[in-house]
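Overview (structure and organization)
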Amino acid sequence: MTSPLQQKLKINGPVMVTANRLGDGAVIYRTAAGEWTTEIAAAAIATTADHAKTLLAAATADYVRAVDPYVAPVEFTADRRVLPGNLREKIRFAGPTIALPGA
Amino acid sequence: MYLYDDFDKTLVDERVNEFRDQVKRRLSGELTEEEFKSLRLMNGVYLQLHAYMLRIAIPYGTLSSEQMRMLAHVARRYDRNYGHFTTRQNIQFNWIKLDELPDAMADLASVKMHAMQTSGNCIRNITTDQWAGVAPDEIEDARVWGEILRQWSTLHPEFSFLPRKFKIAITAASHDRAAVKVHDIGLRLHKNGAGEAGFEVMVGGGLGRTAFIGKTIRPFLPKRDLLSYVEAILRVYNQFGRRDNIYKARIKILVHEIGAEAFGREVEAEWEKIKDGALALDPKAIAEIASRFRYPDYERLADEPAELKAGLAADARFDTWFKNSVWRHKVPGYAIVTLSLKPEGGPPGDATAEQMDAIADLADRYSANEIRVGHEQNLVLPHVRQRDLPELWRALDSIGVATPNVNLVSDIISCPGLDYCALANTRSIPVAQELTRRFRDLDLARGLGRLHINISGCINACGHHHVGHIGILGVEKNGEEYFQLTIGGRADEKAEVGALLGPAVPYDDVVDTVEDIVAAYLELRERPDELFIDTVKRIGVEPFQERVYATR
Ligand code: SF4
């Protein structure tokens, strides 16, 4: 596998690094302190490809806690709150858009 | 029911222990994800958007009530209280934790259930007619052949790393309920001119990125030769199938590229070498396996008993359900009952733990402890005494599985789509749910007759969109959800791939577009009993295109 540092990474706008938690698959975000969080507000935000690559490389090395990290787009609200940047990430963040039958 | 033996039990138990150790090593960091991934996939464990998903095989769609209760237990204990029946006679749990998976698998193994070969490039769960063994139009119970193939294919060393996944389906009835023509190998058991039963062998069917209908390479294969012939097909595929390009790796591409005739010649040449070897089936071995399928001790009963007639006369809702969801049984006085997992506004194919438990109890009381799962994502009680139907219906109605919409417009096949699936372009469940609300008028639905809508959230086609009478495929356009519509597909003995109707429509328009297609059909059909699929066949796609896109 090519190291994430060698992978081409183009970004158009702010991004974060996200993955699934090893134990239960929950959606997690990489923080600036090199931890993982389920709170998107605490995700480290990169605005350059180099910064995104560095975040991704560190996240990938942390394979005991996280599965398949990747770079995903984010958006900001008017008051600078972080939101997922596309539909897939919105659903990962908020859960299925349907009522679950067993609830 | 089929009685598994100790060999199966040991195999399944050993696999659970092995997996427990693998999970432990992954959690401790001894294994990387790259190393672990193929191991978990061999045990049916996928990682979806929000959690791990476990896919459990239901061989040839047959479940005992004990197994159904265990599925309810797994849903309750390890998941979020529900499970999803798929289009391949599997069930999926969507929220299982990795460290609890070995325990869930051990619980399943206690009732001889497992998740082997529900993933990966191997021979997957063998599927068949959910009415096998009880259908009046079958020549014999196709599950016997499903079981013979299951035993042969389980952990087959030569075929554990095929170029790509491999799916086999069998039917023994005149009406194909198992979609055999869209499988890598489709087998149709039928009788030749001399009255002997044998298989028509079809290869290279399949959906996904490139959809093909299977081609017949042998119109009649004696039963004794089933395993050697299928082995020969797999060998030719294993040798010539492409491993360099995942999109070209399925057998359908090979068959398409070299042609069915050339492919058939290769198979015959290979088969010549092995047909009289160890794989030739001896009638005693076949009889032994057949004897392990247990049928209830059917009572001698007459059709249309007084209890049924009285029930039909007394309750119009029961009458409606009876006409829609109950089918003739091989044995007089009995019936085959379909349980709709497509309630208005519900996710197609989902059942809660409470429903599973209740269905298991009803199977005990009314269906000789047996339940079937069909590829249309509904359940079946296969051995119901007709006199019990009024009582059974009340019980099914009270747990929400008696919507009389089987084979109607709201009996939608849908994949999980972007609400769960990591590969999805778009959602599919909410589209299905909205369609069931839009077509909630069951009188109207009955007036439309048989009409299958199939939805997939991406080109992988788990929702079989190509073979829906109306097919809906999710595609992404500039980050937005769009849907391509096809019409005229079908999955039965006259299988066809649907034709594209026109440009993709955005999420908000897809249900309206389907409504317009249905309106066009009502306008274009020759008679009230000309089915949608027959109208499309007669006049083609264009008249539909004109009407549906005129205002768009
Ligand atoms: S068709 Fe695509 S979106 Fe639907 S379940 Fe299959 S892979 Fe996922």
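Residues numbered from 1 in each chain as written. Chains lettered and ligands numbered in written order. Predicted model: local features only at pLDDT ≥ 70, side-chain atom pairs only at ≥ 80, totals over all residues. Heavy atoms only, no water.

A look at the overall build of chain B
Broken down by element type, chain B carries 18 helices and 21 strands. Taking 2.2 N^0.38 as the reference for a compact globule, 552 residues should give roughly 24 Å; the C-alpha atoms of chain B span a radius of gyration of 23 Å, in line with that estimate. Summarising its shape, the C-alpha atoms of chain B cover approximately 60 × 60 × 55 Å along the three principal directions. Nonlocal contacts in chain B, meaning residues at least 24 apart in sequence, comprise 68% of its contacts between residues at least 6 apart. Separation between the mean location of the 70 positive side-chain charges and that of the 81 negative ones in chain B comes to 2 Å. (Helix = DSSP H or I, 4+ residues; strand = E, 2+ residues; numbered from the N terminus. Rg over C-alpha atoms; globule rule 2.2 N^0.38 Å. Contact = heavy atoms within 4.5 Å. Lys, Arg positive; Asp, Glu negative; His and termini not counted. Charge placed at Lys NZ, Arg CZ, Asp CG, Glu CD.)

Some thoughts on the interface of chain B and chain A
Many analyses report the size of an interface as the accessible area lost when the parts associate. Counting from both sides, the interface comprises 34 residues of chain B and, opposite them, 25 residues of chain A. Taking both partners together, chain B and chain A bury about 2,400 Å²; carbon and sulfur atoms supply 64% of that area. Along the contact surface separating chain B from chain A lie eight residue pairs in polar contact (both at pLDDT 80 or more). Listed by contribution, the elements that provide at least two residues to the side of chain B that touches chain A are helix H1 (6-28), helix H2 (33-42), strand S5 (90-96), strand S13 (350-352) and helix H14 (429-438) of chain B. Each residue belonging to the side of chain B that touches chain A can be placed in one class, and the counts come to 16 nonpolar, eight polar and ten charged. (Buried area = accessible area lost by both parts, 1.4 Å probe. Polar contact = N/O pair within 3.5 Å; in protein donor to acceptor, adjacent residues only side chain to side chain. Nonpolar A, V, L, I, M, F, W, Y, C, P; charged D, E, K, R; others polar.)

Focus on H1(B)
Taking 1.5 Å as the rise per residue, H1(B) with 23 residues should run 33 Å; its terminal C-alpha atoms sit 33 Å apart, in good agreement. Among all positions of H1(B), only Asp8(B), Leu11(B), Val12(B), Arg15(B), Val16(B), Phe19(B), Gln22(B), Val23(B) and Arg26(B) are buried. Those residues of H1(B) hidden inside the fold are in contact with strand S4 (66-76) of chain A together with H2, strand S1 (45-47), helix H4 (101-109) and helix H5 (143-153) of chain B. (Expected span 1.5 Å × (residues − 1). Buried < 20%, exposed > 50% of the residue type's maximum accessible area, 1.4 Å probe, protein only.)

Some thoughts on the sheet that holds strand S14 (residues 370-373) of chain B
Across a sheet, strands are paired by hydrogen bonds formed along the backbone, either parallel or antiparallel in direction. Residues and elements named next belong to chain B. Pairing in this open sheet of five strands is antiparallel, and the strands run S3-S14-S15-S12-S11 from one edge to the other. Edge positions in the open sheet fall to strand S3 (62-64) and strand S11 (326-328), since each of these has one partner strand only. Each strand axis lies, on average, 30° off the axis of its neighbour in the sheet, ignoring direction. Sheet analysis places S3 next to S14, joined by three bridges and oriented antiparallel. Bridge pairing in S14 links Thr-62 to Arg-372. (Pairing = 2+ DSSP bridges. Axes fitted to C-alpha atoms, helices over the stretch in contact; angles between N-to-C directions.)

Observations regarding the domain arrangement of chain B
Residues and elements named next belong to chain B. Domain annotation for chain B reports domain 1 (6-109), domain 2 (134-291), domain 3 (306-398) and domain 4 (413-548). For domain 2 versus domain 3, the distance between C-alpha centres works out to 33 Å. On the domain 3 side, the residues contacting the eight residues of domain 2 number eleven residues. The largest share of the area that domain 2 buries against domain 3 comes from Val-134, Pro-136 and Arg-143, three residues that together contribute 71% of it. Note that Lys-330 and Glu-138 form a salt bridge whose closest N and O atoms lie 2.7 Å from each other. Taken together, the connections running from domain 2 to domain 3 amount to four residue pairs in polar contact (both at pLDDT 80 or more). (Domains from an automatic or database assignment. Salt bridge = Lys/Arg side-chain N within 4 Å of Asp/Glu carboxyl O.)

Some details on the pattern of salt bridges
Residues and elements named next belong to chain B. Under the criterion given, the structure shown has 57 salt bridges over all chains. Between Asp-141 and Arg-143 there is a salt bridge, and its shortest N-O distance comes to 2.7 Å. Judged by its relative accessible area of 0%, Arg-143 falls in the buried class. Glu-344 is the partner of Arg-440 in a salt bridge, and the nearest nitrogen-oxygen pair spans 2.9 Å. Separated by 96 residues along the polypeptide, Arg-440 in the loop between H14 and helix H15 (442-448) and Glu-344 in the loop between strand S12 (334-339) and S13 bring together distant segments of the chain. A network of salt bridges, in which partner residues are shared, links Glu-158, Glu-231, Arg-235, Glu-270 and Lys-273.

Some words on the pairing of strand S8 (residues 185-191) of chain B
All names here are of chain B. Along S8, five of the seven residues are buried, which leaves the element largely enclosed by surrounding structure. The sheet contact formed by strand S7 (residues 168-171) and S8 spans four bridges and is parallel. Counted as the bridge partner of Thr-171 is Arg-188 from S8. Here seven bridges tie S8 to strand S9 (residues 197-203), and the two strands are oriented antiparallel to one another. In the strand pairing of S9, Leu-189 is matched with Phe-199. Two successive antiparallel strands, S8 and S9, enclose a turn made up of five residues, where Gly-195 displays a positive phi of approximately 80°.

Topic: the site of the ligand
Contacts to the ligand come from Cys415(B), Pro416(B), Gly417(B), Cys421(B), Leu423(B), Ala424(B), Ser456(B), Gly457(B), Cys458(B), Asn460(B), Ala461(B) and Cys462(B). Its residues assigned to classes, the shell around the ligand shows eight nonpolar, four polar and no charged. (Near = heavy atom within 4 Å.)

Brief notes about the sheet that holds S9(B)
Residue and element names in this part refer to chain B. Strand order in the open sheet made by the five strands is S6-S7-S8-S9-S10, with mixed pairing throughout. The two strands at the open ends of the sheet, each matched to only one other strand, are strand S6 (127-128) and strand S10 (215-222). As defined by bridge partners, S9 adjoins S10 across five bridges and the pair is classed as antiparallel. For Phe-199, the partnering residue across the bridge sits in S10 and is Leu-221.

Concerning the confidence of the model for chain B
Averaged over every residue, the pLDDT of chain B is 95; residues scoring 70 or more account for 99%. Complex prediction metrics read pTM 0.95 and ipTM 0.93. (pLDDT = per-residue confidence, 0-100.)

Details of unusual backbone geometry
All names here are of chain B. In this structure, Glu-304 is a non-glycine residue whose phi angle is positive, near 50°. Along the chain, Glu-304 turns up in the loop between helix H9 (283-291) and helix H10 (306-314). For Glu-304, a relative accessible area of 51% translates into the label exposed. Phi is positive for Asn-369, which is not a glycine, with a value near 60°. Tracing the sequence through the fold places Asn-369 in the loop between helix H12 (353-366) and S14. Classification of Asn-369 by relative accessible area gives partly exposed; the value is 37%.

Observations concerning the nonpolar core
Residue and element names in this part refer to chain B. Membership of the largest hydrophobic core comes to 66 residues, with the highest contact counts inside it found for Met-68, Leu-71 and Val-337. Both domain 1 (6-109) and domain 3 (306-398) contribute no fewer than three residues apiece to this core. If you look at the next biggest cluster of nonpolar residues, it comprises 45 residues, including Trp-152, Ile-217, Leu-226 and Phe-293. (Core = buried A, V, L, I, M, F, W, Y, C linked by side-chain atoms within 4.5 Å.)

A closer look at the packing of aromatic side chains
Summed over the entire model, instances satisfying the criterion amount to 15 aromatic pairs over all chains. Taking 6.0 Å as the distance between ring centres and 55° as the angle between the ring planes, the aromatic pair formed by Trp152(B) and Phe159(B) counts as tilted. Each member of the pair, Trp152(B) together with Phe159(B), is buried. One aromatic cluster in this structure is built from Phe318(B), Trp321(B), Phe322(B) and Trp393(B). We note Arg80(A) situated over the ring of Phe76(A); from NZ or CZ to the ring centre the distance is 4.1 Å. It is Arg427(B) that lies over the ring of Tyr507(B); its NZ or CZ is 4.4 Å from the centre. (Phe/Tyr/Trp six-rings, centres within 6.5 Å; stacked < 30°, edge-to-face > 60°. Lys NZ or Arg CZ within 6 Å of the ring centre and 35° of its normal.)

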